[in-house]
Amino acid sequence: MIVGGAEAPGRDSVQATVMAAAEQRRRAVAAASAGRPAEAIKILQRALQLLPVASDSAEVVAVRARVLLSLGWVQAETGTLADGLVHLGTARDLVTALPDGPDRLALLGFADQQHALVLVRAGRTPEGIELFSRAIPLLEQALGSTAGDPEMLARAFLNRGTTYTLVGRPGPAETDLRRCIELCTAHELPIIKAKAISTLGDIALLVGDVPDALAHFSEAVHLFRRLAPHLVARTQIDQGRALLTAGLAEEAARLLDEALPVLRDQRISQDLAEAEVTRAAAALLAGDRAMAKQAAGSAHRRFVRRGSMAWAEVAALTKLRTEADAALAGLATTATIKKAAALAERLANAGLTDEAAMARMLGVRLALRRGSVDVAEKLLSQVPAPGKIAPIDHRMMLRLCRAELAVARGQTRTALTQAKTGFDELGAARDRMGGLDLVCGTAVHGLELARLAVGLVLDGARTDADARRLLAWQERTRAQVYRYEPMPAIDDPELASRVAELRTVLRTMQQARVERRPIEHLEQRSVSLQREVNRLGWHTSPWGKPRPVSSPEEVIEHLGDRALISFSGPEKDLAAVVVAGGRTKLVRLGAKDAVLETARQLHADLDALAPDELIAPLVTAVSQSARRRIDKLDDLLFGPDGIPADLIKDRELVVVPFGELYSVPWETLPSLRGRAVSVAPSATAWVSADEVPQNGGPVVLVRGPDLPTAATELDQLREVYPDAIVLDGEKATAEAVLSAMDGAKLVHIAAHGTHEAANAMFSRLELYDGGLLAHEVARLAHPPAHIVLAACELALSHIRPGDEPLGFAGAMLASGSRTVVAAVNRVGHRSAALTMTDYHRRLANKPVADLAADLAETMTDYHRKVASGMSPARALAEATAQDPLRRPFILLGAG
């Protein structure tokens with residue numbers, strides 16, 4: 001029966017109505033797919049107005065059901081779950097009344113698929129999986145008929161695969177996604193195929209393969225930019241989650257900050273709320289509690305409004321983590337044990353077992369903070385052992401809780417056992433990473449556990465044996481990026497192309513600044529290219545093969561007559577483990593902040609002193625300030641309450657810094673002036689460097705563009721190394737320099753240098769055709785054994801959480817170089833030339849000329865001494881002693 005007219009319309013009129021409504025639905029689906037859901041809703045509502053509410057025409061009923069099924073999905077996405085479910089329920093009632101046949105099968109499958117998808121997006125995954133599993137056989141049965149819809153079947157496999165991923169079932173998920181890709185390939189469905197590729201990234205992330213996940217996400221983004229640009233922002237949420245797993249909070253935040261405005265414009269509340277909760281997690285990892293709390297709160301409100309209650313609890317967990325972090329830092333917050341326990345119950349009831357475990361672990365830590373050890377132990381007993389695919393941050397949190405509980409019970413050995421096991425697990429996750437910065441970033445997940453373990457050993461250290469244990473724990477918890485033997489990089493033409501373009505853009509920016517031309521468009525392109533280079537580097541190939549951490553006994557054997565000082569400061573005080581003459585001693589150095597602040601002030605003074613043209617009164621004033629800092633730092637570290645002189649005597653030193661001590665030019669300290677000092681990120685890194693053979697390759701001398709006439713040490717070095725490969729002027733291109741560096745014995749590069757504190761792997765040397773990036777030199781097949789960087793600041797490192805230093809010089813050391821000489825401060829061209837001439841002359845054992853008469857002699861003298869057999873560390877010590885304040889060079893690695 002038809003409702004709404006005095007007489008039934010004719011067959012032609014019904015057909016026309018059906019066709020018009022179907023066309024409207026097609027346009028609406030296209031609008032929704034293009035990220036315009038509000039427009040889609042309006043079109044679908046107009047389609048419904050074309051159709052009678054009731055009809056005895058199967059065609060009319062079928063089209064009305066399809067319109068309602070599409071409307072239900074879009075309204076659930078943009079409005080509330082309840083609104084969407086009403087339309088879906090009405091549509092299913094209409095379909096059920098249709099006569100049996102392929103059309104009914106196809107529509108029933110479509111109805112179940114849409115209903116399942118809406119439920120899954122709201123966090124009701126078990127119901128969703130059940131409905132997907134009911135829909136897929138129906139859609140497969142209809143596939144052989146004219147009613148069959150391969151696109152709908154592909155979507156069903158995609159969506160069920162995605163849901164299996166959400167509930168931690170990677171095997172069934174991959175099976176569904178592979179079937180989806182087969183259908184998409186056979187029926188030319190490129191957008192759905194791109195979505196399946198992106199979901200394969202989710203599976204890789206689920207099983208802990210971050211590089212593979214990033215590779216899939218990257219491929220999907222590339223496809224979406226061409227096929228469906230509105231889906232890029234959705235995929236950036238997943239990329240952000242992968243980067244957080246690798247500990248790269250800043251990189252994740254940049255991606256999410258790019259996606260959030262797009263998602264706000266699209267008005268898809270679920271995606272926007274997911275982006276906000278992920279952004280909150282990035283802020284929390286970066287230590288920005290205010291941002292984390294704001295983003296998590298906004299996400300929670302959005303989830304509640306749309307009826308996604310399981311997701312709302314996930315947002316509540318992120319907010320609780322923020323509050324608990326503040327409480328554990330001694331700040332007043334609303335975080336309580338009761339709140340954590342109640343949230344854990346709600347998460348468990350929603351089937352979110354990992355999240356429920358995290359809430360209980362937060363309760364454990366809050367209870368321990370209050371001294372409620374029994375309560376903490378009871379809560380911890382409710383946390384299940386992590387499964388094979390549990391996230392690494394959850395694993396590390398469980399180890400931390402167990403260790404903190406053991407400390408509260410006075411069980412130090414148990415606490416350290418938990419810490420050791422945790423670092424073994426973290427190491428296994430790190431070993432799967434690709435790219436130097438991914439390997440480096442994972443340390444953030446072990447930061448608190450490292451602080452606890454090193455602090456425990458330090459607090460209990462009384463004997464030489466205790467000091468040796470402390471050294472072992474220092475090595476287990478710091479600078480892990482340097483314990484990998486780099487693997488050959490896989491050639492990637494796309495990566496090479498992006499690096500080449502970035503080099504050109506950076507060079508053009510530099511010229512534009514000099515000429516005072518606008519550079520905003522160039523800066524935007526530079527940022528975009530840096531992201532592309534990072535992205536490709538993350539998954540082009542794994543970084544390296546892990547090597548074991550060096551034991552104290554191995555360190556002692558390698559040191560021989562040298563001494564090692566390894567600094568650490570897990571809590572408020574600074575300490576140093578000193579290894580000399582086969583013995584290991586612990587020296588407590590007092591307040592850490594005083595030492596690190598003095599190092600910061602010294603660094604600022606030496607930067608201010610760098611310009612060659614600085615007027616005499618300023619030179620005097622800044623030099624006096626710098627000397628005061630130097631004397632104070634020397635007194636704090638080597639004075640009456642510091643490291644005793646009779647402990648290190650006149651031995652050559654290996655220094656393993658901590659925090660701001662990485663920026664100290666050690667030979668400026670009176671107690672170390674003229675002494676051979678090597679600096680290393682860890683004792684393990686130094687041992688690895690010390691084992692690098694002194695190969696017999698060529699000597700390479702490079703001069704970059706735009707150096708002042710005073711900086712002419714290259715002319716002097718040609719006398720020291722008459723057979724050297726010389727790259728100067730137009731010959732000094734990035735490609736030529738990289739080629740010459742590969743397999744060289746010694747490389748000297750005189751060029752302008754830039755340390756990028758925000759992203760150390762984009763620190764660079766300026767060559768004829770643009771910047772030579774740390775990204776590039778870090779993947780040489782045969783890095784030079786000895787490299788000298790006569791440029792500003794390139795020994796500086798960006799210190800990531802976990803005391804993981806990374807910069808241009810550090811990248812060279814991590815890639816397999818033995819010795820890297822570079823500056824930790826800005827340095828004037830004349831001072832650089834002097835230092836380098838002096839250094840090379842001493843290496844080659846050639847006479848040191850009158851330095852006042854020949855400004856270029858310093859670095860040449862260094863090389864002459866080394867070439868004659870003098871150790872690089874000794875040659876540098878003598879070269880910098882001439883003017884320590886304006887020659888802030890260090891030797892990184894083995895000297």
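Residues numbered from 1 in each chain as written. Predicted model: local features only at pLDDT ≥ 70, side-chain atom pairs only at ≥ 80, totals over all residues. Heavy atoms only, no water.

S.K.: Please set out the overall build of the chain residue by residue, giving values where relevant.
M.R.: Of the regular secondary structure elements, the chain holds 37 helices and 18 strands. Taken against the 2.2 N^0.38 rule, which gives 29 Å for 895 residues, the C-alpha radius of gyration of the chain at 32 Å falls within 12% of a compact globule. Seen along its three principal axes, the alpha-carbon backbone of the chain occupies a region of about 115 × 70 × 45 Å. Per-residue burial for the chain yields a buried fraction of 58% across its 895 residues. Of the contacts formed within the chain by residues at least 6 apart in sequence, a portion of 70% connects residues at least 24 apart. Only carbon and sulfur atoms are counted for the fraction: they give 52% of the accessible area of the chain, which is about 35200 Å². When the 105 basic and 109 acidic side-chain charges of the chain are each reduced to a single mean position, those positions are 4 Å apart. (Helix = DSSP H or I, 4+ residues; strand = E, 2+ residues; numbered from the N terminus. Rg over C-alpha atoms; globule rule 2.2 N^0.38 Å. Buried < 20%, exposed > 50% of the residue type's maximum accessible area, 1.4 Å probe, protein only. Contact = heavy atoms within 4.5 Å. Areas by Shrake-Rupley, 256 points an atom, 1.4 Å probe, with all protein chains shown as cover. Lys, Arg positive; Asp, Glu negative; His and termini not counted. Charge placed at Lys NZ, Arg CZ, Asp CG, Glu CD.)

S.K.: For unusual backbone geometry, give the residues involved together with the corresponding values.
M.R.: Unlike most non-glycine residues, Glu 188 shows phi in positive territory, near 55°. With respect to the helices and strands, the residue Glu 188 is situated in the loop between α8 (170–187) and α9 (190–206). On the basis of relative accessibility, which here comes to 69%, the residue Glu 188 falls in the exposed class. If you check the backbone angles, Arg 267 has positive phi at about 60° while not being a glycine. Relative to the helices and strands, Arg 267 resides in the loop between α12 (249–266) and α13 (269–285). With relative accessibility at 57%, the residue Arg 267 sits in the exposed group.

S.K.: Tell me about the nonpolar core, and please be specific about residues and values.
M.R.: In terms of nonpolar packing, the biggest core is built from 162 residues, with Phe 567, Ile 643, Leu 661, Trp 666, Met 741 and Ile 749 touching the most fellow members. Take this core: its biggest share by element is 10 residues, from helix α17 (residues 353–370). Residues Val 67, Val 95, Leu 158 and Ala 196 belong to the second largest nonpolar core, which totals 57 residues. (Core = buried A, V, L, I, M, F, W, Y, C linked by side-chain atoms within 4.5 Å.)

S.K.: If you had to explain a positive patch on the surface to someone new, which residues and values would you point to?
M.R.: Together, Arg 27, Lys 42, Arg 46 and Arg 267 line one region of the surface with positive charge. Here Arg 27 shows up in helix α1 (residues 11–33). (Patch = residues over 30% accessible without salt bridge, like charges linked within 9 Å, V, L, I, M, F, W, Y side chains within 5 Å. Salt bridge = Lys/Arg side-chain N within 4 Å of Asp/Glu carboxyl O.)

S.K.: So what's going on with the side chain of Gln 270? Residues and values would help.
M.R.: Relative to the elements of secondary structure, Gln 270 occurs in helix α13. With a relative accessible area of 0%, Gln 270 lands in the buried category. A distance of 2.8 Å separates polar atoms of two side chains, one belonging to Gln 270 and the other to Arg 306. Residue contacts for Gln 270: discarding those within four places in its chain leaves Glu 77, Arg 121, Phe 303, Arg 306, Ser 308 and Trp 311. (Polar contact = N/O pair within 3.5 Å; in protein donor to acceptor, adjacent residues only side chain to side chain.)

S.K.: Tell me about the sheet that holds strand β13 (residues 770–773), and name the residues and values.
M.R.: The three strands lie next to each other as β11-β12-β13, forming an open sheet whose pairing is antiparallel. Two strands in the sheet have a free side with no partner beyond their single neighbour: β11 (753–754) and β13. Relative to β13, strand β12 (residues 764–767) is paired through four bridges, and the arrangement is antiparallel. Residue Leu 765 lies in a different strand from β13, and its bridge partner there is Leu 772. (Pairing = 2+ DSSP bridges.)

S.K.: Can you break down the packing of helix α6 (residues 125–142) against helix α7 (residues 150–166) residue by residue, with the values?
M.R.: Relative to each other, α6 and α7 sit at 155°, their axes nearing to 9 Å. Judged by the angle between their axes, α6 and α7 are roughly antiparallel. By crossing handedness, the relation of α6 to α7 is classed as left-handed. Two secondary-structure elements touch here, α6 through Thr 125, Ile 129, Phe 132, Ser 133, Ile 136, Leu 139 and Glu 140 and α7 through Met 152, Leu 153, Ala 156, Phe 157, Asn 159, Arg 160, Thr 163, Tyr 164 and Leu 166. Taken together, the residues of the contact of α6 with α7 sort by class into 10 nonpolar, four polar and two charged. (Axes fitted to C-alpha atoms, helices over the stretch in contact; angles between N-to-C directions. Parallel < 35°, antiparallel > 145°, perpendicular 65-115°, else oblique. Left-handed = near helix turned anticlockwise from the far one by under 90°. Nonpolar A, V, L, I, M, F, W, Y, C, P; charged D, E, K, R; others polar.)

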